[in-house]
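Commentary on secondary and tertiary structure
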Amino acid sequence: MNKILNKHFLNSIEIIKGVKITPREIDIIACLLNGRSPKTIASLLKLSPRTIETYIRNIMLKFDCNSREGIINFIEKTEKILILKQHYAFLLNEVSFQTKLKEISKLPDFQCQPIQIFYNKEDKLDSFIAHELEKFLKITQINVGLISIKEGDQPKNIINQKFFSHINIILSPQNFTQYFQFIINYEDRNIHPHETEIQKNPIICLLNPENKEFTLPDQINHSHTIKLDTLEEIHKCIFEILKKINVSNSLENIVNHFNEHLSLSQKFNEQQTISLL
């Protein structure tokens, strides 16, 4: 489960047996269900042990119990137990993913031009994905900027010299047809003083799960297309972007290690499902 999908998940269990619980309380309940101590939970969530104990006491009050075991007993009597247990795997995946991104940022051969992310401001899904990409890519110390486009905007006001000196990620590229034509014309006129940079810095088109397949014009030969088939693949998408813009064996090794962790996490979730059937 990724951050995007997890937002919908949190909304689906914010009320358990008539009791409203916060996203942070959900995190802590998930950890308790998997046998984690307050000290371990504090380390995982980057909070102080005292803060975790305060959260636990508040959960006890909400569930009308007086122990961590009472919290577990309360949840075990609901239909939410499985997804709460699986939420713990999500938390571990998030920590592992962000750790890997920090490792990538410290690689001696990792270098990257600034990135611009173009998205349709009026598309809620693309807007959310754009902000998630920005947040995760910034962990690698890349300079990332968001460019929101709305209906009626003119390409000449968006595509400028800065565009050609940056790596550009375009969400739902089928909505940017006129922009691609403008880029082609801009390059053909050969008016940009740094023409070599146009070829060096790629344009990455990202298709979200709701997008149909899209083919870029042949004239744009410095582009890549990445398909986000399901929202569960956001981590894979981030790594694909990094590999497109920086070829490195060390980066590949880090990605492989994370994929191994993800595979173990999936097996854990499968075992949790079987044990509760």
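The model shown is predicted, which means the values in this text are computed figures rather than measured ones.

By the secondary structure assignment, serine 127 is in helix H7 (residues 124-139). For serine 127, a relative accessible area of 19% gives the class buried.

Sheet strands associate in pairs through backbone hydrogen bonding, adopting either a parallel or an antiparallel arrangement. On the basis of which strands lie adjacent, the open sheet formed by 5 strands has the order S4-S3-S5-S6-S7 and parallel pairing. Edge positions in the sheet fall to strand S4 (144-149) and strand S7 (223-227), since each of these pairs with one other strand and no more. Taking each pair of neighbouring strands and ignoring which way they run, the sheet shows an average axis angle of 20°. Pairing of strand S3 (residues 115-120) with S4, which is carried by 6 bridges, proceeds in the parallel orientation. Counterpart to isoleucine 117 in the pairing with S4 is leucine 146. Together, S3, S4, strand S5 (167-171) and strand S6 (203-207) form the strand contacts of H7, whose direction differs from that of S3 by roughly 165°. On the sheet, helix H12 (residues 234-245) packs against S3, S5, S6 and S7 and is oriented at approximately 165° with respect to S7.

Counted by the stated rule, this structure contains 5 aromatic pairs. Judged by centre distance (4.0 Å) and plane angle (10°), the ring pair of phenylalanine 63 and phenylalanine 74 falls under stacked. Pair noted here: phenylalanine 63 is in helix H4 (residues 49-63) and phenylalanine 74 is in helix H5 (residues 68-76), with a separation of 11 residues, a long-range link. Each member of the pair, phenylalanine 63 as well as phenylalanine 74, is classed as buried. Each member of the aromatic cluster is reached from another via a ring pair, and the members are Phe97, Phe136, Phe239 and Phe258. Sitting over the face of the ring of phenylalanine 74, lysine 17 holds its NZ or CZ atom 4.9 Å from the ring centroid. The ring of phenylalanine 136 carries lysine 135 above its face, with NZ or CZ at 5.2 Å from the centroid.

Quick notes on the rules
- Residues numbered from 1 in each chain as written.
- Predicted model: local features only at pLDDT ≥ 70, side-chain atom pairs only at ≥ 80, totals over all residues.
- Heavy atoms only, no water.
- Helix = DSSP H or I, 4+ residues; strand = E, 2+ residues; numbered from the N terminus.
- Buried < 20%, exposed > 50% of the residue type's maximum accessible area, 1.4 Å probe, protein only.
- Pairing = 2+ DSSP bridges.
- Axes fitted to C-alpha atoms, helices over the stretch in contact; angles between N-to-C directions.
- Contact = heavy atoms within 4.5 Å.
- Phe/Tyr/Trp six-rings, centres within 6.5 Å; stacked < 30°, edge-to-face > 60°.
- Lys NZ or Arg CZ within 6 Å of the ring centre and 35° of its normal.

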